[in-house]
Amino acid sequence: MGDSQVQTEAEEPPPAQIPLLNSNHQSHSHHHHHQQQQRQQQRQQELRTSNDLDDSLEKLETFLSFLGFNQSSWLSFCLSWLAFSMVGVLLPVLVLEFSKCDGCETYQIKDFEMDIVASQACLAAVSLFCVSFNLRKYGIRRFLFVDRYGGQMARFANLYVKQISDSIRLLIWWSLPCFILKTVREIIRSLYVQRDSWWISVAILVALVLSWTYVSTISLSASILFHLVCNLQVIHFDDYAKLLERESDVVVFIEEHIRLRHHLSKISHRFRIFLLLQFLVVTVSQFMTLFQTTGYRGMVNFINGGDFAVSSIVQVVGIILCLHAATKISHRAQGIASFASRWHALATCTSTDASLRGSNGTGNMEAFNQSNSLHMTFSESDLESVDYVAMPTTTQLASYMSSYHRRQAFVMYLQANPGGITIFGWTVDRGLINTIFFIELSLVTFVLGKTIVFSST
């Protein structure tokens with residue numbers, strides 16, 4: 001009787017075991033459900049971000065197609081260049097040829113106007129040809145380098161969208177004042193020039209403003225696109241600087257830097273003809289303007305020579321945007337070497353200082369252990385007399401020296417391969433800009449010496 005009672009009590013499970021198992025199972029199920037919700041929310045966030053980027057790229061591509069940059073087929077190619085020839089070249093030439101009137105020479109100098117039309121058309125043709133060629137060959141995503149990170153796209157998509165919006169805003173910011181200035185100048189000239197009918201004056205005004213806006217927007221859009229491509233790469237260089245803070249594998253740093261330099265090389269190769277031709281066209285245009293205005297024997301004012309100022313503003317702004325973007329990414333790429341040198345110095349000095357200060361107390365030991373340096377051991381008898389420093393093993397010393405030499409090799413690699421935007425080997429940085437400035441200054445003084453003569457009575 002007693003044995004059966006004992007056996008029954010032994011077979012019964014402890015009353016606390018079943019609720020404990022149930023609580024553990026419920027906790028595990030709740031944790032698994034929470035992780036699934038987080039992954040689902042992350043996927044939804046990535047999908048929304050990807051959709052925003054797709055919308056921004058689609059709007060940008062539509063705008064470029066409207067200007068004629070999208071020449072993916074023979075039909076679009078022919079329509080683009082036909083529209084450019086008609087609106088950008090033929091329309092202003094016909095208006096200037098057939099808008100002669102009595103007394104127009106005072107307020108409309110034909111040689112000035114033809115030179116302005118030629119310079120603007122040449123610059124717009126260079127922009128249209130170079131950008132449309134790259135878009136036709138690579139597409140909008142590969143052209144902007146927004147498809148190369150694959151799984152990491154979600155991290156940069158918001159920054160991409162913001163940069164694209166800023167570029168469109170920058171185009172409007174520079175185009176609108178120039179458009180207003182051009183329109184005001186044409187209105188003032190129409191008031192001074194007496195024609196047979198007022199609607200003829202309005203038609204001439206609309207035709208000239210429309211043609212100027214079309215070619216100016218094309219040239220500025222090409223500069224803005226180069227500015228956008230460079231600023232999108234700035235995002236990756238900023239992330240690369242943060243990578244030095246997150247990771248410690250030197251091989252990862254070198255592989256990522258090789259990838260960044262490769263894409264900078266691609267950008268330089270795709271835009272070098274555009275940058276070179278743009279600089280040559282703008283330089284020739286500005287010196288023709290200087291020759292025309294200083295060599296003209298009559299009076300030059302805002303009415304008959306205002307287009308020189310307006311077109312010069314557009315051309316110089318395009319050059320400044322390109323040079324600013326190129327120097328920004330070049331100096332950002334060159335600054336990586338300085339950042340890595342500081343990182344290497346801090347890592348080396350932290351390891352060395354921790355090994356030297358390790359005998360000062362247990363607090364220094366913790367910092368020393370965190371910095372992967374040589375370890376220090378104490379015993380009770382050692383604490384009573386003097387600190388005992390354990391000799392580093394061969395494995396510890398080899399690991400420390402190997403890490404040091406890897407960092408040193410990485411820094412030397414960055415110093416030997418700075419990267420940046422190049423034009424046939426010339427890195428576009430502050431040194432090149434100073435060279436360009438002094439060359440332009442020399443040409444300006446040469447032109448002024450040939451055209452301006454001071455006579456003494």
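Our subject is the structure listed above.
Each value, and the rule that gives it
- Residues numbered from 1 in each chain as written.
- Predicted model: local features only at pLDDT ≥ 70, side-chain atom pairs only at ≥ 80, totals over all residues.
- Heavy atoms only, no water.
- Axes fitted to C-alpha atoms, helices over the stretch in contact; angles between N-to-C directions.
- Helix = DSSP H or I, 4+ residues; strand = E, 2+ residues; numbered from the N terminus.
- Parallel < 35°, antiparallel > 145°, perpendicular 65-115°, else oblique.
- Left-handed = near helix turned anticlockwise from the far one by under 90°.
- Nonpolar A, V, L, I, M, F, W, Y, C, P; charged D, E, K, R; others polar.
- Patch = residues over 30% accessible without salt bridge, like charges linked within 9 Å, V, L, I, M, F, W, Y side chains within 5 Å.
- Areas by Shrake-Rupley, 256 points an atom, 1.4 Å probe, with all protein chains shown as cover.
- Salt bridge = Lys/Arg side-chain N within 4 Å of Asp/Glu carboxyl O.
- Buried < 20%, exposed > 50% of the residue type's maximum accessible area, 1.4 Å probe, protein only.
- Contact = heavy atoms within 4.5 Å.
- Phe/Tyr/Trp six-rings, centres within 6.5 Å; stacked < 30°, edge-to-face > 60°.
- Lys NZ or Arg CZ within 6 Å of the ring centre and 35° of its normal.

Caption draft 1: Fine view of the packing of helix H7 (residues 198-246) against helix H8 (residues 250-295). Packing of H7 against H8 brings their axes to within 11 Å, and their N-to-C directions diverge by 165°. Looking at the two axes, H7 sits roughly antiparallel to H8. H7 and H8 meet at a crossing whose hand is left-handed. Residues of the contact of H7 with H8, tallied by class, amount to 16 nonpolar, 6 polar and 1 charged.

Caption draft 2: Summary view of a nonpolar patch on the surface. Residues Leu75, Leu79, Leu82, Met86, Leu90, Leu94 and Phe98 make up a contiguous nonpolar surface patch of roughly 740 Å² in combined accessible area. Note that Leu94 resides in helix H3 (residues 74-97).

Caption draft 3: Just the side chain of Gln163, in detail. Tracing the sequence through the fold places Gln163 in helix H6 (residues 153-192). The exposure class of Gln163 is buried, given its relative accessible area of 16%. If we skip the residues at most four places from it in the chain, Gln163 touches Leu228, Asn231 and Leu232.

Caption draft 4: Broad picture of the packing of aromatic side chains. The final tally for this structure, using the stated rule, is 11 aromatic pairs. Ring geometry for Phe143 versus Phe271: centroids 5.6 Å apart, planes at 50°, classification tilted. Of the two residues, Phe143 sits in helix H5 (residues 110-144) while Phe271 sits in helix H8, which places them 128 residues apart along the sequence. For Phe143, a relative accessible area of 1% gives the class buried. Over the aromatic face of Tyr138 sits the side chain of Arg270, whose NZ or CZ is 3.6 Å from the ring centroid.

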